[in-house]
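Examining the three-dimensional arrangement
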Amino acid sequence: EPILRVTAPLPEAQLVESRLLNLVHFQTSIASKAVRCVLAAPGKLLVDFGMRRAHGSEAALYAARASYLAGFAGTSNVLAFPRFGVPVFGTMAHSFIEAHDTEGAAFEHFMDAHSGSIVLLIDTYDTEAAAHRVVELARRRTDKKIASVRLDSGDLDALSRRVRAIFDAAGLRDIGIFASGGLDELAVAKLLAARAPIDGF
């Protein structure tokens, strides 16, 4: 419950009242939701991907900051790093994959363009087929390391189990599974209670 004190003559204080309440209330709501996710998923990687659902770019920036202050590891909002020092995380978009003739080509181009932690989105078309493509790519492209894959839709529990089985059978136990898409603290808690093999949200 944040407290903000404004000391000013009444007409001046009222000029800023709505704006200040808007900023404080919004970030408090986001931080409250974020901390509930942190409590629901102790030790798991949690990243803010909420920019597309925020009410404007300023709201998205402050949501990234509020989530980070509440315990998230970082955000996909790249402006949050220079403005607030919030670590930036990212994966590929469905549109990136759809802009290529094949999913495999999209994976290759994404790997070519990135260094460090590479996270491939595998549920644009056929999740299990994409997981097998990741296995082939990981074996062939020893110059780059695939850190994890992202599941963004469908039955995240069932899909994560099938993808984990594909990776484990190929000896790729170090490739993690990251889930996104409409998740809140209740969905996260449900997935973890079911022991879904998901490493981050």
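A word on the confidence of the model for the protein chain
Confidence in the prediction of the protein chain, expressed as mean pLDDT, is 93, and 100% of residues score 70 or more. Of all helices and strands in the protein chain, the one with the weakest mean pLDDT is helix α1 (residues 10-40) (91), whereas helix α7 (residues 156-169) scores best (98).

A look at α1
For α1, built from 31 residues, the straight-helix expectation of 45 Å at 1.5 Å per residue is met to within 8% by its first-to-last C-alpha distance of 43 Å. If you look at α1, its biggest bend is around 40°, right at glutamate 17. Among the residues making up α1, those that are buried are Ala13, Leu23, Gln27, Ala34 and Cys37. In this structure, the buried residues of α1 make contact with α2 (57-69) and α8 (185-193).

Here's the deal with the pairing of strand β4 (residues 146-151)
Extensive coverage of β4 is indicated by the burial of five of its six residues. Relative to β4, strand β3 (residues 118-121) runs parallel, the two sharing four bridges. Looking at β4, one finds that isoleucine 118 is bridged to isoleucine 146. Chirality of the crossover, the property in question, places the unit of β3, helix α6 (residues 127-140) and β4 among those that are right-handed. Considered for its hand, the β-α-β crossover made up of β4, α7 and strand β5 (residues 176-179) is right-handed.

Reading the values: the criteria
Residues numbered from 1 in each chain as written. Predicted model: local features only at pLDDT ≥ 70, side-chain atom pairs only at ≥ 80, totals over all residues. Heavy atoms only, no water. pLDDT = per-residue confidence, 0-100. Helix = DSSP H or I, 4+ residues; strand = E, 2+ residues; numbered from the N terminus. Expected span 1.5 Å × (residues − 1). Bend = angle between axes of the 7 residues up to and from the residue. Buried < 20%, exposed > 50% of the residue type's maximum accessible area, 1.4 Å probe, protein only. Contact = heavy atoms within 4.5 Å. Pairing = 2+ DSSP bridges. Right-handed = clockwise from strand over helix to strand, strands pointing away.

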